[in-house]
Amino acid sequence: MSDTEKKATTSTSPSIVVYWLADSRADRILLLLEELELPYVIEKFERGPDKLAPADLKKIHPLGKSPVIKDGDKVVAESGFIIDYLISKYGKEKHLKPTNEEDLFQYNYFLHYIEGSLMPILVMKYIFLNLQKQAPWLVKPVVNGICNKIDQLYLGPNIRTHLDFLEGELKQRKWLAGEQFSGADIQASFALEMLLKRSNTNEENVPNLSRYVAAMRERPAYKRAMEKVNKTCIAE
Ligand SMILES: N[C@@H](CCC(=O)N[C@@H](CS)C(=O)NCC(=O)O)C(=O)O
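Residues numbered from 1 in each chain as written. Predicted model: local features only at pLDDT ≥ 70, side-chain atom pairs only at ≥ 80, totals over all residues. Heavy atoms only, no water.

Turning our attention to the overall build of the protein chain. A tally of regular secondary structure across the protein chain gives eight helices and four strands. Ordered by position in the sequence, the α and β elements of the protein chain form the string α-β-α-β-β-β-α-α-α-α-α-α. Rg of the C-alpha trace for the protein chain: 19 Å, near the compact-globule value of 18 Å for 236 residues, within the 12% margin. Overall, the protein chain is about 70 × 45 × 25 Å in size when its C-alpha atoms are taken along their principal axes. Looking at the protein chain alone, contacts between residues at least 24 apart form 69% of all its contacts between residues at least 6 apart. For the protein chain, the exposed surface amounts to about 12,900 Å²; the carbon and sulfur share of it is 56%. Separation of charge centres in the protein chain, based on 33 positive and 32 negative side chains, amounts to 5 Å. (Helix = DSSP H or I, 4+ residues; strand = E, 2+ residues; numbered from the N terminus. Rg over C-alpha atoms; globule rule 2.2 N^0.38 Å. Contact = heavy atoms within 4.5 Å. Areas by Shrake-Rupley, 256 points an atom, 1.4 Å probe, with all protein chains shown as cover. Lys, Arg positive; Asp, Glu negative; His and termini not counted. Charge placed at Lys NZ, Arg CZ, Asp CG, Glu CD.)

What follows deals with unusual backbone geometry. If a residue is not glycine, its phi is most likely negative; likewise, a peptide bond is most likely trans. Residue P67 follows S66 across a cis peptide bond; omega there is 10 degrees. You can see P67 is positioned in the loop between strand 2 (40–45) and strand 3 (68–71). Positive phi, close to 55 degrees, is recorded for N230, a residue that is not glycine. Following the sequence through the fold, N230 ends up in the segment after helix 8 (220–228).

Residues in contact with the ligand amount to 13 residues; listed here are only the nearest, A53, K65, S66, E78 and S79. One of the side-chain nitrogen or oxygen atoms of K65 is found 2.4 Å away from an oxygen atom of the ligand. Grouping the constituent residues of the shell around the ligand by class yields four nonpolar, three polar and six charged. (Near = heavy atom within 4 Å. Polar contact = N/O pair within 3.5 Å; in protein donor to acceptor, adjacent residues only side chain to side chain. Nonpolar A, V, L, I, M, F, W, Y, C, P; charged D, E, K, R; others polar.)

Once that is clear, we can look at helix 4 (residues 101–134). Taking 1.5 Å as the rise per residue, helix 4 with 34 residues should run 50 Å; its terminal C-alpha atoms sit 48 Å apart, in good agreement. Its maximal kink placed at M119, helix 4 deviates by approximately 45 degrees, while the proline P120 follows within four residues. (Expected span 1.5 Å × (residues − 1). Bend = angle between axes of the 7 residues up to and from the residue.)

Moving on, we get to the packing of helix 3 (residues 79–90) against helix 6 (residues 183–198). Two elements in contact, helix 3 and helix 6, have axes separated by 10 Å at closest approach and are oriented at 150 degrees. Classed by the angle they form, the pair helix 3 and helix 6 counts as roughly antiparallel. Helix 3 and helix 6 meet at a crossing whose hand is right-handed. For the pair formed by helix 3 and helix 6, the contact residues are S79, G80, I83 and I87 on the first element and G183, I186 and Q187 on the second. For the contact of helix 3 with helix 6, the residue count by class is three nonpolar, four polar and no charged. (Axes fitted to C-alpha atoms, helices over the stretch in contact; angles between N-to-C directions. Parallel < 35°, antiparallel > 145°, perpendicular 65-115°, else oblique. Left-handed = near helix turned anticlockwise from the far one by under 90°.)

According to the domain assignment, the protein chain contains domain 1 (3–94) and domain 2 (101–219). Distance between the C-alpha centres of domain 1 and domain 2: 24 Å. Contact with domain 1, which involves 15 residues of that partner, is made by 18 residues of domain 2. Each partner contributes to the roughly 1,300 Å² buried at the junction of domain 1 and domain 2, and carbon and sulfur atoms together form 53% of this total. Of all residues in domain 1, the largest losses of buried area upon contact with domain 2 belong to R25, R28 and E35, amounting jointly to 40% of the total for that side. At the boundary of domain 1 with domain 2, the tally comes to three salt bridges. In this structure, the connection of domain 1 to domain 2 is made through six residue pairs in polar contact (both at pLDDT 80 or more). Sorting the residues of the side of domain 1 that touches domain 2 by element identifies helix 2 (27–36) and helix 3 as the ones contributing at least two each. Considering each element in turn, the side of domain 1 that touches domain 2 owes the most residues, five residues, to helix 3. (Domains from an automatic or database assignment. Buried area = accessible area lost by both parts, 1.4 Å probe. Salt bridge = Lys/Arg side-chain N within 4 Å of Asp/Glu carboxyl O.)

Laid out in structure tokens, this is it:
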């Protein structure tokens, strides 16, 4: 390779670092980068015994959450924004963002719905499950009683509503934003696997949702992303 060719390769290849936290939404970004076939480096972080991210992540972004990426000298946080940012900057020819009005409408809706409406319920469910696991034995019965009541009155019915909503949406089309796989599906990947895992529902009750998650797991990019973090699927 000549010097000019070397220079061209260096200046056009992005230098992307993904700050990846175990058992987190960061898997979404690996899926995306594999779909986009972009070169990237993963810096892996493990959760502490309290299940929180290590303080070192705050050196990358003040909130200390994952995913966060560095693209050259730009730090980009918020998975929905990272997805749209990377697709808009590097993914034009991969068609991960719809161009027709109706599919683009769904793309934007689902990019926001996943973090704005679905994830808060799933995070609450996760927090209460951990609270029950970690409660000292003396107060365990009280903690369990409170957590079960919250589950019965609030979390359970909300999870059911989201399951029904998503099942209805996926009955109408193959992917969330139309017949073509898009960034909205990448945003949904982590949330929908967690939704199925935490809802105690079985496949027959949500055939379209189950079909959707199975199709996602069959994508070569999904498989390559999971290999990079030694997993077989997101909700392992
Ligand atoms: N809305 C943010 C949420 C980021 C977030 O809360 N990430 C979680 C992992 S799924 C995290 O870093 N948790 C560790 C902690 O809170 O200490 C996004 O979509 O990127």
